Amino acid sequence: MLVVVDSWARDAATGIAAVLGGKGYIKDASALACGIRKPINPMPNRNCPDWEAQWPAMMDSVRPDSVLLSVQWDAGEQQIDPGASG
């Protein structure tokens, strides 16, 4: 299983790995405070993944049986599409 996106994903990956007890492979590709949406006002000194490019690349390299894409809403303003915010 490939687990991607932010700290919510990290927590899910840790819990899933604990439940599996070593009977499976969990690739934790989370990046703390780095949601899948592009921030309107990027946090300084934050080097977040370019998920649009990195997620497909991880799919090719990891070849997971499943993917958990954790998308949670947080307090930061995030760009949903060019010119819009939500």
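The residue numbering used here restarts from 1 in each chain and proceeds along that chain's sequence as written. This being a predicted model, a pLDDT of at least 70 is required before a residue's local features are given, and a value of 80 or more before pairs of side-chain atoms are given or counted; all residues contribute to the totals for chains, interfaces and linings. The basis for the side-chain values is all heavy atoms of the structure; hydrogens and waters are excluded.

Caption draft 1: Focus on the sheet that holds strand E2 (residues 27-30). In short, DSSP must find at least two bridges between two strands for them to pair. Here a helix means four or more residues in a row that DSSP labels H or I, a strand means two or more in a row labelled E, and each is numbered from the N terminus. A sheet is described by the order of its strands in space; here 3 strands give the open sequence E2-E1-E4, paired in parallel fashion. Of all the strands in the sheet, just E2 and strand E4 (67-70) have a single pairing partner and so form its edges. Adjacent strand axes in the sheet meet at a mean angle of 10 degrees when their direction is disregarded. Bridge count for strand E1 (residues 2-5) against E2 is 4 bridges, and the pairing is parallel. Counterpart to valine 5 in the pairing with E2 is serine 30. Sitting on the sheet, helix H2 (residues 51-62) is in contact with E1, E2 and E4, with an inclination near 170 degrees to E1. Note on definitions: angles span 0 to 180 degrees between N-to-C directions of axes, and those axes are lines fitted to C-alpha atoms, for helices only across the stretch in contact. Contacts are residue-level and defined by heavy atoms, with any inter-residue pair within 4.5 Å sufficient.

Caption draft 2: Spatial organisation of helix H1 (residues 7-20). To estimate how far a helix should extend, the number of its residues minus one is multiplied by 1.5 Å. For H1, spanning 14 residues, the distance from its first C-alpha to its last is 20 Å, which sits close to the expected 20 Å at 1.5 Å a residue. Looking at the residues trailing H1, positive phi occurs at glycine 21, about 55 degrees.

Caption draft 3: Structural detail: the pattern of salt bridges. Put simply, a salt bridge is a Lys or Arg side-chain nitrogen that is within 4 Å of an Asp or Glu carboxyl oxygen. Tallied over the full model, the rule gives 1 salt bridge. With its nearest N and O atoms 2.9 Å apart, the salt bridge here joins aspartate 11 to arginine 10. Here the term buried applies to any residue with accessible area under 20% of the maximum for its type, exposed to any over 50%, and partly exposed to those in between, with areas from a 1.4 Å probe on protein chains only. Given the relative accessible area of 47%, aspartate 11 is considered partly exposed. Exposure remark for arginine 10: the relative accessible area of 31% places this residue in the partly exposed category.

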